[in-house]
Amino acid sequence: MQIRAGVKVELAPTAEQRQLFASYAGTARFAYNWAITTRQEHYLTVVKPARERGDESVKSLSGIDLINRWNREKETLAPWWRDISCQVAPQASSIPRWP
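These numbers come from a predicted model, not from an experiment.

Q: What is the right way to look at the overall build of the chain in this model?
A: Helix and strand counts for the chain stand at 3 helices and 0 strands. Tracing the chain from N to C terminus, the helices and strands come up as α-α-α. Restricting the contact set of the chain to residue pairs at least 6 apart, pairs at least 24 apart contribute 68%. Of the roughly 7400 Å² of accessible surface on the chain, a fraction of 55% belongs to carbon and sulfur atoms.

Structure representation (structure tokens):
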């Protein structure tokens, strides 16, 4: 049996670090909400109508599809993204497959 232990570490961020944490969290939330909305819109406008016609070959957007779309659209969607780590948004947009 494998035992897993966690470690708690108390952070004492400076005001500047608190601002960075908030920016990272806000960017992740923005990207996550964008990914959910994009996937739902794709499902409702592309996948669902195709399935209603009997075409089962049309699939929902994958995490990779969302990351690629984010990379194409991020300049207009979130011009401030360059101020944040380049990994925050792609990781947040990799949500589990929806229908």
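After that view of the structure, there is still more to cover.
Q: What is the right way to look at the packing of aromatic side chains in this model?
A: The relative placement of two aromatic rings is captured by the distance of their centres and the angle of their planes. Considering all chains together, one arrives at 3 aromatic pairs under this definition. Note on W34 and W70: the rings are 5.3 Å apart at their centroids and 65° apart in plane angle, and the pair reads as edge-to-face. In this pair, W34 is assigned in helix α1 (residues 15-52) and W70 in helix α2 (residues 63-77), connecting sequence segments 36 residues apart. One aromatic cluster is present, formed by F30, W34, W70 and W80 through successive ring pairs.

Thresholds, definitions, all that
Residues numbered from 1 in each chain as written. Predicted model: local features only at pLDDT ≥ 70, side-chain atom pairs only at ≥ 80, totals over all residues. Heavy atoms only, no water. Helix = DSSP H or I, 4+ residues; strand = E, 2+ residues; numbered from the N terminus. Contact = heavy atoms within 4.5 Å. Areas by Shrake-Rupley, 256 points an atom, 1.4 Å probe, with all protein chains shown as cover. Phe/Tyr/Trp six-rings, centres within 6.5 Å; stacked < 30°, edge-to-face > 60°.

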